[in-house]
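Summary of the model geometry
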Amino acid sequence: MTGPTVTVMLAGVGGQGTILAADVLARTAVAAGLDVKLSEVHGMAQRGGSVDTVVRFGESVASPITDPGFADHLVAFEMIEAARQLPFVKPGGRLLVNSRVIDPLPVLIGDLEPPTGVEDVLVAEGAIFIDAEELACEAGSPKSANIVLLGALSTGLEFPLELWIEVIAGRVPQGTVEFNLRAFELGRDACGEGGACLV
Amino acid sequence: MVPMLLSGNEAVARGAWAAGALVGVGYPGTPSTQALEVFAQMDGVYAEWAPNEKVALEVAAGASMGGARSLVTMKHVGMNVAADPLFTLAYTGVGAGLVIFVADDPGMHSSQNEQDSRNWGPFARVPVLEPSDSSEALEFTRAGFDLSERFDIPVIVRSTTRISHSKGVVELTRDQARKPVGAYVKDIGKWVMMPAMARVRRASLDERVRQMASYAEESPLNRIELRDRSLGIVTSGVCYQYVREALPGASVFKMGLSFPLPAGALAEFERSVERLVVVEEADNYLESSLRALGLSPEPIGLPEAGELSPGLVARALGGDPPKTRDAVPGLPPRPPLMCPGCPHRGAYDALRKVKAIVMGDIGCYTLGALAPLSSMDSCVCMGASVGMAHGMRLAGQGSERPVVAVIGDSTFTHSGVTGLMDLAYNGSDALVCILDNRITAMTGHQQNPVSGMTLQGRPTTEVDLEALCRSVGVKRVRTVDPHDLAAAEKAVREEVASDALSVIIFRAPCALLIKEMDQPYAVDEDLCTACRLCIRLGCPAISKGEGGKAHIDVMLCVGCADCVQVCKFSAIELTGPACDIGGV
């Protein structure tokens, strides 16, 4: 399971747009001429539950799914999900975390205590934090937080910027292209050279 | 040749279209659903959702008999429903090609059980094709139509979640023109399966299986990849990808046609390798079939329950576990939940108030079993709630806590209505609640006979649920808006008190069908007394905040106002749009 294949895991909560983000990433890799596999789960698991999507790309990709210890990048749309999927990130892998907590229902209703120390663990594991919702609102809509995170991810991948822009413009709903591209740029700036989330 | 990123389901649709299929019929079920949705959008085809999988296969069988290549789609449990026509269609054979696409769900991402649909092959004596990625999903579906006509038999294309819901790069090939349908020629020896004719067709079926087994020896659907001869792996489906990932040097016999198996080629493969093993997910189907053929695969102890992965395969064959970061302890689970604004919440709130024993069914509303609604006692299969409520009453339950069945609109038309006939016919006094949200929601909003719209977007007649229930003999039928919590509670209290069979139709559209959201609400902390009544609705927008007082997440609230109705202190009030008020 070594070789040039890059494995990106996108983890979040149903409704956060992880599947669209994964699709944009996969299409960008196809546009770059690579072999790509994307694995996602629909149905009951999607209704506000944990959603994890895997995108793998390289010269030739066999498995659509991955195992703990093999993800090169984890893009977590939420901090508890970041912690939940942490074992998937290989030692030395990149851990990109939206600095937002969405409490699961058992916590919301007071049946379980909110977890403590999640942020500390993520910091200790070398996480890069980004406030995707705030940047998304700045771009024009809180719904483009997923594209902000893609922008942040893009600084760790080798696809040319034009390719990302072309794929995003062709994939997001019409009428949202402008603020999604702005969201991508804000995410990219935040995690690029000299960006706030790297300080 | 344009490389396209397609899911296995999308590829199945394109494969059927490329084969010239004219008719597609199915019932939604994760992970199979998109196959028919995508097929329905192709040029020159007819596609429909049937009320259930049995009807779907029967419609397709008629279309096949009439000369149109036909595709049927369903999830694994749907095949149980369709099994009745399946077995006899193996006898009759087909007219034009008939392909049944069935998607299994190992790991139960979205299912109530695990079933390995490869078993239908030897059970019904029909061929089973197993694609390993999206490219093969397209090619095998296309090939399935040819095989169906060549061997006069329905063909199963079996997928799993990781094939159906994984996307891969597919090079689209030239498509076949839709074949004009020829004249129908009557042939009762082939199509009327009464005993005298069926005995003849049984012999014919055995002969057709022999011919298919002979074909399997040379079929391009199976592939032998000889590499290092010290290990030979027989595998199929997505497990082939796990084997290639985990053990790229091993020799592989990749089964594309999982029934009937090529006995000769498999024996030859066993002789050409030092160690023979089988890597398969779900049942030990291939391994036991190989043993029945006299081969001796070495057991490697892979689990039959759940999904495999490249790592599991690697370790089963002696690989070292990878270095991983430690799991974070104490994380709360994140179960799926009903959406903000879900109309089911009001129905469960009412059922909870009468402490009902609730026989549940399959759909989003199954989530009513979880806290804090905690208002469901069973979930078995499509339509089971209605008959099980009757059975509960027969066992004498219901004197202290009322017995209620809860079933969705699509599930009711799938197989709940037959149960309701039983209850009316046999004099049950149970309460049946139909949660009618106008759509098949859990699988992603598919139309059904109550929706007023077909799969291909044609307006159509709606089942009149009230009239249907009355017509099977239910005297007490009433309809309420579940977002009117007081009316919902009143209806439930009155009907559980009645000593006759009754039906309450809770009718309000799925929250996700409502595109124009109402303004979100907020909690006035001065008025909130931390009584938790609103929190007990289980709305993901409402949480326990500072000092136990309620907090509403304006990003999630859709303004359904269910919580406003349960608040006794008028502490929940309208607010403004999320970004404007710093809600993020």
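The structure this text deals with has already been given above.
Residues numbered from 1 in each chain as written. Chains lettered and ligands numbered in written order. Predicted model: local features only at pLDDT ≥ 70, side-chain atom pairs only at ≥ 80, totals over all residues.

A few points about the overall build of chain B
- A count of helices and strands for chain B gives 19 helices and 22 strands.
- For a compact globule of 584 residues, the expected C-alpha radius of gyration is about 25 Å, and chain B comes in at 27 Å, within 12% of that figure.
- Each principal axis of the C-alpha atoms in chain B carries an extent, and together these give about 80 × 65 × 50 Å.
- Of all 584 residues assigned to chain B, the portion counted as buried reaches 55%.
- Intrachain contacts of chain B at a sequence separation of at least 6 include 75% that bridge at least 24 residues. (Helix = DSSP H or I, 4+ residues; strand = E, 2+ residues; numbered from the N terminus. Rg over C-alpha atoms; globule rule 2.2 N^0.38 Å. Buried ≥ 20, exposed ≤ 12 C-beta atoms within 10 Å, placed from the backbone. Contact = placed C-beta atoms within 7 Å.)

With respect to the nonpolar core
- Core analysis: the biggest nonpolar cluster contains 169 residues, and Leu74 and Leu149 of chain A together with Val243 of chain B have the highest contact counts within it.
- Looking at which element gives the most residues to this core, the answer is helix α1 (residues 18–31) of chain A, with nine residues.
- Once residues within four sequence positions are removed from consideration, Leu74 of chain A is found in contact with Met9, Ala11, Ala82, Gln85, Phe88, Val89, Gly93, Leu95 and Leu96 of chain A.
- The next biggest cluster of nonpolar side chains, apart from the first, holds 86 residues, and it includes Leu537, Ile552, Cys557 and Ile572 of chain B. (Core = buried A, V, L, I, M, F, W, Y, C linked by C-beta atoms within 7 Å.)

Considering the pairing of strand β3 (residues 50–58) of chain A
Residues and elements named next belong to chain A.
- Extensive coverage of β3 is indicated by the burial of eight of its nine residues.
- Examined bridge by bridge, strand β1 (residues 6–13) and β3 share eight bridges and lie antiparallel to one another. Note on β3: the bridge partner recorded for Ala11 is Asp52.
- With five bridges connecting them, strand β2 (residues 35–39) and β3 associate as antiparallel partners. Across the sheet, residue Lys37 finds its bridge partner in β3, namely Arg56. (Pairing = 2+ DSSP bridges.)

Quick notes on the interface of chain B and chain A
- Counting residues at the interface gives 52 residues for chain B and 54 residues for chain A.
- Residue assignment for the side of chain B that touches chain A shows that the elements contributing at least two residues are β1 (3–7), α7 (161–164), β8 (166–171), α10 (238–246), α13 (310–316) and β20 (542–544) of chain B.
- Ranked by the residues each element gives to the side of chain B that touches chain A, the list is headed by α10 of chain B, at five residues.
- Of the residues that constitute the side of chain B that touches chain A, the class distribution is 28 nonpolar, 16 polar and eight charged.
- Relative to β8 of chain B, β2 of chain A is paired through three bridges, and the arrangement is antiparallel. What sits directly across from Leu38 of chain A, in β8 of chain B, is Lys167 of chain B. (Nonpolar A, V, L, I, M, F, W, Y, C, P; charged D, E, K, R; others polar.)

Here we look at helix α9 (residues 195–218) of chain B
Residue and element names in this part refer to chain B.
- Between its terminal C-alpha atoms α9 stretches 35 Å, which fits the 34 Å expected from 24 residues at 1.5 Å a residue.
- Every buried residue of α9 is accounted for by Arg201, Leu205, Arg208, Val209, Met212 and Ala216.
- Buried residues belonging to α9 abut α4 (76–92) and β12 (257–259). (Expected span 1.5 Å × (residues − 1).)

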